[in-house]
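Residues per chain are reported as follows:
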Amino acid sequence: MPTIEMVTKVWIAPGCIVCDACETTAPSVFEVQHDNETCIIRPAALDMEFTKPLTKDIIQSAEECPVNVIKFDLTPVEVSEAEAAAFASKPSAPSAPAASHGEPTGATAKGSPAKAATPAKPKVMDPAIQALLAATTSRGGHAVLQQGLPEGMKHLPKLSPDQLPPDGRQQKVLEKTKAEATEPTRRDLMLGIGWAATAVAFGAVPLAAFNRFMAPNVLEQEDPKVRCGSIAKYRAMAPGDVNEDFKPVKPSGFWIIREEDRICAVSIICTHLGCIPSWLPNDRKFKCPCHGSGFKPDGRNFEGPAPRPLERFKVYLDGDEVIVDRSRKFLAMGPTDTAVWNDPDASIPA
Amino acid sequence: MPMNPMRSMLATSEAIAAEHGPLDALKETINHLCAPYYFVPLTTIILMVGLLTYRRWTKPRMALTLLFAFTVFYVGSMLDHAFFLIIKKPDNVPITIMIFSTLFCIWLAFRQAAINDERMTRGLPLIESGADDKVLVWPDLVFTELICLILCTAVLIVWAILLKAPLEPPANPTNIPNPSKAPWYFLGLQELLVYFDPWIAGVLLPGLIIVGLIALPYIDKNPRGNGYYTFSQRPMVITTFMFGFGIMWIVLIVLGTFLRGPNWNLFGPYETWDPHRPAALLNINVAEVFWVVLPEKTGLWKPGVPTQASFGLPVYLIREAPGLFILGGYFFVLPVLLAKSVCKKIYAQIGLIRYAIFWLLMSWMMFVPIKMVLRWLFNLKYFVAITEWFFNI
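What counts and how
Residues numbered from 1 in each chain as written. Chains lettered and ligands numbered in written order. Predicted model: local features only at pLDDT ≥ 70, side-chain atom pairs only at ≥ 80, totals over all residues. Helix = DSSP H or I, 4+ residues; strand = E, 2+ residues; numbered from the N terminus. Buried ≥ 20, exposed ≤ 12 C-beta atoms within 10 Å, placed from the backbone. Contact = placed C-beta atoms within 7 Å. Axes fitted to C-alpha atoms, helices over the stretch in contact; angles between N-to-C directions. Left-handed = near helix turned anticlockwise from the far one by under 90°. Nonpolar A, V, L, I, M, F, W, Y, C, P; charged D, E, K, R; others polar. pLDDT = per-residue confidence, 0-100. Parallel < 35°, antiparallel > 145°, perpendicular 65-115°, else oblique. Core = buried A, V, L, I, M, F, W, Y, C linked by C-beta atoms within 7 Å. Pairing = 2+ DSSP bridges. Expected span 1.5 Å × (residues − 1). Bend = angle between axes of the 7 residues up to and from the residue.

Caption draft 1: Representation of the overall build of chain A in the model. A count of helical and extended segments in chain A gives 10 helices and 15 strands. Buried positions account for 31% of the 350 residues belonging to chain A. When contacts within chain A are restricted to residue pairs at least 6 apart in sequence, long-range pairs at least 24 apart make up 58% of them.

Caption draft 2: Geometry of the overall build of chain B. When its secondary structure is counted, chain B shows 15 helices and two strands. By residue count, 20% of the 393 residues in chain B fall in the buried class. Taking contacts inside chain B between residues at least 6 apart in sequence as the whole, the part at least 24 apart equals 67%.

Caption draft 3: Representation of the packing of helix α3 (residues 36-52) of chain B against helix α11 (residues 235-259) of chain B. All names here are of chain B. Contact pair α3 / α11: the axes reach a minimum separation of 10 Å and the direction vectors enclose 140 degrees. Handedness of the crossing formed by α3 with α11: right-handed. Across from Pro-36, Phe-39, Val-40, Thr-43, Thr-44, Leu-47 and Leu-51 in α3, the residues of α11 making contact are Thr-239, Met-242, Phe-243, Gly-246, Ile-247, Val-251, Leu-255 and Leu-259. Residues belonging to the contact of α3 with α11 are distributed by class as follows: 11 nonpolar, four polar and no charged.

Caption draft 4: Region of interest: the confidence of the model for chain B. Residues at a pLDDT of 70 or more form 95% of chain B, whose mean pLDDT is 88. Overall fold confidence (pTM) sits at 0.65, and the ipTM for the predicted complex is 0.78.

Caption draft 5: View of the packing of helix α14 (residues 321-340) of chain B against helix α15 (residues 344-378) of chain B. Residues and elements named next belong to chain B. Where α14 meets α15, the axes come as close as 10 Å, and the angle between the chain directions of the two elements is 160 degrees. With respect to each other, α14 and α15 are oriented roughly antiparallel. Where α14 crosses over α15, the handedness of that crossing is right-handed. Where α14 approaches α15, its residues Tyr-330, Phe-331, Pro-335, Ala-339 and Lys-340 are matched on the opposing element by Lys-344, Tyr-347, Tyr-355, Trp-359 and Ser-363. Here the residues of the contact of α14 with α15 are counted per class, giving seven nonpolar, one polar and two charged.

Caption draft 6: Quick look at the environment of Ser278(A). Within the element layout of this structure, Ser278(A) appears in strand β9 (residues 278-280). Between the C-alpha atoms of Ser278(A) and Phe295(A), which are 17 residues apart in sequence, the distance is 9.9 Å. Discounting chain neighbours no more than four positions away, the residues touching Ser278(A) are Phe286(A), Lys287(A), Pro289(A), Ile176(B) and Asn178(B).

Caption draft 7: Summary view of the nonpolar core. Counting residues in each nonpolar core, the largest one holds 63 residues, and the members touching the most others are Phe254(A), Ile256(A) and Ala265(A). Here this core takes eight residues from α11(B), the largest share from any one element. Not counting residues up to four positions away in its chain, the partners in contact with Phe254(A) are Phe246(A), Ala265(A), Val266(A), Ser267(A), Ile268(A), Phe313(A) and Val324(A). Listed in part, the 23 residues of the second largest apolar core include Trp11(A), Cys39(A), Ile40(A) and Ile58(A).

Caption draft 8: Local environment of the interface of chain A and chain B. Taken together, the contacts link 27 residues of chain A with 26 residues of chain B. Breaking the side of chain A that touches chain B down by element, the ones donating at least two residues are β9 and β12 (301-303) of chain A. Here the side of chain A that touches chain B is built from residues that sort into 13 nonpolar, nine polar and five charged.

Caption draft 9: How the structure looks around unusual backbone geometry. Residue and element names in this part refer to chain B. The linkage connecting Trp-138 with the following residue, Pro-139, adopts the cis geometry, with an omega of 5 degrees. Of note, the amide linkage connecting Asn-178 to Pro-179 takes the cis form, showing an omega dihedral of 5 degrees. Position of Pro-179 relative to the elements: it lies in the loop between α8 (137-162) and α9 (187-193). Even without a glycine there, the phi angle at Asn-263 is positive, about 60 degrees.

Caption draft 10: Representation of the sheet that holds β9(A) in the model. Residues and elements named next belong to chain A. Strand order across the open sheet formed by four strands is β9-β10-β11-β12, with antiparallel pairing between neighbours. Of all the strands in the sheet, just β9 and β12 have a single pairing partner and so form its edges. Two elements, strand β10 (residues 285-287) and strand β11 (residues 294-295), share two bridges in a ladder whose sense is antiparallel. Residue pairing for β11: Lys-287 is matched across the bridge by Gly-294.

Caption draft 11: Just the pairing of strand β7 (residues 254-258) of chain A, in detail. All names here are of chain A. The buried fraction of β7 amounts to five of the five residues, a majority that puts the element mostly inside the structure. Of the two faces of β7, the one carrying Phe-254, Ile-256 and Arg-258 and the one carrying Trp-255 and Ile-257 are both buried. Of the pairings in the sheet, the one linking strand β6 (residues 242-243) to β7 comprises two bridges and is antiparallel in character. Considered in β7, the bridge of Asn-243 is made with Ile-256. By the bridge criterion, five bridges tie β7 to strand β8 (residues 262-267) in an arrangement that is antiparallel. Paired with Trp-255 across the strands is Val-266, a residue of β8.

Caption draft 12: Geometry of α11(B). All names here are of chain B. Under the 1.5 Å per step criterion, the end-to-end length of α11 is only 31 Å for 25 residues, more than 12% shorter than the ideal 36 Å. Largest kink in α11: about 30 degrees, centred on Val-251. Along α11, the positions that sit buried rather than exposed are Met-242, Ile-247, Met-248, Val-251, Leu-252, Ile-253, Leu-255, Gly-256, Thr-257, Phe-258 and Leu-259. Residues of α11 that are buried make contact with α3, α6 (81-88), α7 (93-122), α9 and α15.

Caption draft 13: Looking closely at the pairing of strand β13 (residues 312-318) of chain A. Residue and element names in this part refer to chain A. Looking at chain direction, β8 and β13 are connected through two bridges and run antiparallel. Opposite Ala-265, over in β13, you have Phe-313 as the bridge partner. As defined by bridge partners, β13 adjoins strand β14 (residues 321-330) across seven bridges and the pair is classed as antiparallel. In the sheet register, Phe-313 faces β14, and the bridge partner there is Lys-329.

Caption draft 14: How the structure looks around helix α5 (residues 60-78) of chain B. The end-to-end C-alpha distance of α5(B) is 27 Å, a good match for the 27 Å that 19 residues give at a rise of 1.5 Å each. The buried fraction of α5(B) is low, at zero of 19 residues.

Here is the structure:
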């Protein structure tokens, strides 16, 4: 059995000048990418079964390369007599179907106008190679790769970049990662500060604002106790009358009402949706302008959607002076369910 | 000083109205018909008649006549002082635009549906079938959009200059606008707040509207009507939509604009907004009807709202049991009964889950008008009033 030295691995060292020479000679192995300013080994040519029959082309390309960046491994391979003869006679004839030249693909054609001069190519191409080329140069390539990858190449897409033969683009990537791994420069520091400031501006400030927005305003409230003057004034009111003097008191005003036997402070907030009802002295009722809830002079709800009577505040006497304490409320649950109003803190006897 | 033409027109009209009794009688009639228990059913009837006769009134001549009649009515109404006061508020200018643009859009859709349905009965191709709906982005679409943009900007600028923005002084609890109205597009929701608890009218119902609109294509997978106008192929679906949008949204906005006056009382469109007009609305809950009114009328059981907890249940659950039974029947039993009778076909078509979602949306949509009518007719306040849980329905 004769032995022939064949190319089992081909790669490109750094320093490619993007001259198209190699692609002209061996278009199925090299792809010159003018856009990336580099030359790469086509994925199909990463397999030694692909490169073996192209040994002569690859060696020729390496010799033609003006900057000598094409490197290859030569390994002795045992072949049959006939194959050896065929190999010796034809300069670059394919002995196996897998060794044919690839059809120029879209990306290649764009990258190398010189390829129009390539020698005539056989029309029929190995379907496996076709699939692989389609996979690498067309959209949705992964699907094609998974379906149509020929036996013996299936491991290739799974290899990490380190395990693949190096080429110009790979080298660039390596250089870049190396540069990033070096000591931080002043620029890095400045960039870091800039990003941190941006993060603070876009993250922490709205967060703080949100926190402020969600936090209750308890501390900013007014004093819940309001001094309302002498009791005599309220004792002089007729039963069913309403004193509106403290309606504008912030944050929540109240009416002082005179019932038959007691004086109470009634919140001005409607129990339906928080509007402020108006006291209609002629109709003798409170009437909400938002949704029409009506309340009797003692605050019991009787018309419209309000579910509960108006709330009452704690009220007590400090000597002669009436004090309304809005920190304690008396909530009646219905117009007939007003037992809480009988609490001694809820009213002053008239 | 030259007299404002609008003012002089108004003065003339008032003089006419004072002299001419029939106009007053007409106004009285319209005021009377605008009581909500007439207004909402009447608009619903008009809608239904419109849907039944859509092939007739959408004909251009007929539609133009109707539009002209409505415009005459609307502009003529402006001669009334009370109506004019509502219309001229800068807040309410969009309402006028909304009324006319809604009418136009409804006409446009039903006109094309009428043509298509006519063609389908005759076996002709649809109007959409020959149309190539593709246009060139440049220049056709870009120019169209540019013109629209310029026109909109111009209209907005003119509008902003002519009518001052209705800005008011800072809120003051002693001087509250009466009535206090929401922005015009929310007046329908504000109207719902009159009948429901805030969490239902303000959270649940708007949420259901949005979720329901999102869910529609998953509930209704019928491909008919996709990409072309038709009414005869989808009568029920379109009728439901027209009721939900036309009556429960647009008509409620109109009601909120023209009929809600001071103290949120109901006024006719030509009625002076008198904040001191007495209006007695003694509301009553289902619990009171069941425990007090019914036994007093029939004498079947002893009148009196329960005040004692029993059967290990809190008192409010016993008190509200009648309302809970009614609501449970409406929301849970009625759909089952319907699935076995009237809606048998729909149920078989869409299956259990989609039927359940469909009835959840449908029952809430129908619950709104039911509750409104009950309020107007019987002053019914809540079916269930459990204030302790904020659960008032």
